[in-house]
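Listed here are the chains, written in short residue letters.
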Amino acid sequence: MDEARDGFEAFVGRAAEIWEVGVFGLDLGTALSALAVFAACLLLRGPFSRLVVGRLARWAEKTENRVDDAAVQALEPPLRFLPLVVGLFLAKEILPLAGLAERIADDVLRSLAAFVLFWGLYRLAEPLRGLAGRVEAKIGAEVVDWTVRGLKIAFVALGAITVLEIWGIQVAPILAGLGLIGVAVALGAQDLFRNLIAGLLIIGERRLAHGEWIKIEGGVEGTVEAIGFRSTRVRQFDKAPIYVPNSKLADTALVNYTRMTHRRIYWMIGVEYRTTIDQLRRIRDGIEAFVLADDAFAHPPEVPTFVRIDRLSESSIDIMVYCFTVTTSWGEWLAIKERLAYRIMAIVEEAGTGLAFPSRSLYIETGGDAPEIFAPPEADGTDD
């Protein structure tokens, strides 16, 4: 019994020693207290973020501006991370740290605070797009996109520099050393910088914008989806994306169909050669009257309109129809073209003639001066 009692007392004494001395000079009571405070802050992340974000959201709903609503939603993740930083700070205050451990803990906390700050600024860059809504029509959506991207890159760079400075790493000598490397890199990345400058020129000239239908010399045709720092993404009508270098867009001919004021119809209508002059006049006048009377077509002097006998082709008399539609929508333009084609066919039939098709006539002439056909004499069966 005495041995058992002595063993138990030794165990209790050892446990008390561990509780008081702890690990690395920290008693377990203080360590557990710091851990409990940190765990409580972690558990309060959800209620804290819901409370703060909820109040901010209700305040934002009272305003007519929608930018503050988007800003509140953007700040929700950094706000959820904030209790973690507060918990680490309180735990650090509880623990009796000193010397190197204290300096490391301070640097970690300052780095986390800088991370939360620049993370929030990074996420706020996107809602700032709404503030440019009034001037977006003047400067272009692409300029706003590039500005937002530039702000995001700037916040990331400033955040990284701040963290490095906190840990005592001087950024200026690093940037000076990178400058020499940058010269060598720039010589090998001339295409990248050329495309970047070309992208700035494209946006500055406002040659194209998101959602516009363009055709680039070389066969690329589709809708602009994004104008990046290096290339522009164009979605073809078969839904395949094409990435065109910005330098090509700046140096080659580009047709922007979206910015058309009217869509053109240019046809050559061929009628048969048996068509008389009176019939030609009736056809020409009928087509012209239809175009000028229909509100779907733009009329002179806004645009030129011609319906003329143009030329005498090999197998047809060609009538040129040159006019413009008011709409620039491709689907509506096709419907107007179809209606015009039906009317032209009806006018030609009403005139008593027909549309021509490629043909060739072959004339065979015979006369009295034609040579006689040579017929060899028949054999009589006798030998000479």
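Keep in mind it's a predicted model, so treat the numbers as computed, not measured.

1. Brief notes about the side chain of Arg263
When you line up the elements, Arg263 lands in strand β6 (residues 263–271). The buried charged residue Arg263 lacks any salt bridge partner; its closest oppositely charged side chain belongs to Glu221, at an N-O distance of 7.4 Å. At 3.5 Å, the side chain of Arg263 and the backbone oxygen of Thr328 are in polar contact. Aside from chain neighbours lying at most four places away, what touches Arg263 is Trp213, Cys323, Phe324, Thr325, Thr327, Thr328, Ser329, Trp330 and Trp333.

2. Quick notes on the nonpolar core
One broad trend across soluble globular proteins is that nonpolar side chains are buried collectively. Of all hydrophobic cores here, the largest spans 21 residues; its most connected members are Ile283 and Leu340. Contributions of two or more residues to this core are made by β6, α11 (277–293), β9 (317–325) and α12 (330–350). In terms of residue count, the dominant contributor to this core is α12 (6 residues). The contact partners of Leu340, leaving out residues within four places of it in the chain, are Ile265, Trp267, Phe290, Val291, Phe297, Val321 and Cys323. By size, the runner-up hydrophobic cluster in this structure holds 13 residues, among which are Ile216, Val224, Ile227 and Val234.

3. Some thoughts on the side chain of Thr305
Among the secondary structure elements, Thr305 is positioned in the loop between β7 (297–298) and β8 (306–312). Of the residues examined, Thr305 reaches a relative accessible area of 14% and is grouped as buried. Setting aside its immediate chain neighbours within four residues, Thr305 contacts Val291, Leu292, Ala298, Pro300, Tyr322 and Cys323.

4. Overview of a nonpolar patch on the surface
Taken together, the side chains of Leu100, Ile104, Val108, Leu164, Trp167 and Ile169 present a nonpolar region at the surface, about 490 Å² in accessible area. The element best represented in the nonpolar patch is helix α5 (residues 100–124), accounting for 3 residues. Mapped onto the secondary structure, Trp167 falls in the loop between α7 (141–166) and α8 (171–188). A relative accessible area of 41% means that Trp167 is categorised as partly exposed.

5. With respect to α5
At 3.6 residues per turn, the α-helix brings residues three or four places apart onto the same side. For α5, which comprises 25 residues, the first-to-last C-alpha distance of 36 Å matches the rise-based estimate of 36 Å (1.5 Å per residue) to within 8%. Within α5, the full set of buried residues consists of Ala105, Asp107, Leu109, Ser111, Leu112, Ala114, Val116, Phe118 and Gly120.

Definitions and cut-offs
Residues numbered from 1 in each chain as written. Predicted model: local features only at pLDDT ≥ 70, side-chain atom pairs only at ≥ 80, totals over all residues. Heavy atoms only, no water. Helix = DSSP H or I, 4+ residues; strand = E, 2+ residues; numbered from the N terminus. Buried < 20%, exposed > 50% of the residue type's maximum accessible area, 1.4 Å probe, protein only. Lys, Arg positive; Asp, Glu negative; His and termini not counted. Salt bridge = Lys/Arg side-chain N within 4 Å of Asp/Glu carboxyl O. Polar contact = N/O pair within 3.5 Å; in protein donor to acceptor, adjacent residues only side chain to side chain. Contact = heavy atoms within 4.5 Å. Core = buried A, V, L, I, M, F, W, Y, C linked by side-chain atoms within 4.5 Å. Patch = residues over 30% accessible without salt bridge, like charges linked within 9 Å, V, L, I, M, F, W, Y side chains within 5 Å. Areas by Shrake-Rupley, 256 points an atom, 1.4 Å probe, with all protein chains shown as cover. Expected span 1.5 Å × (residues − 1).

Spatial relationships are all this shows, so hold off on functional conclusions.
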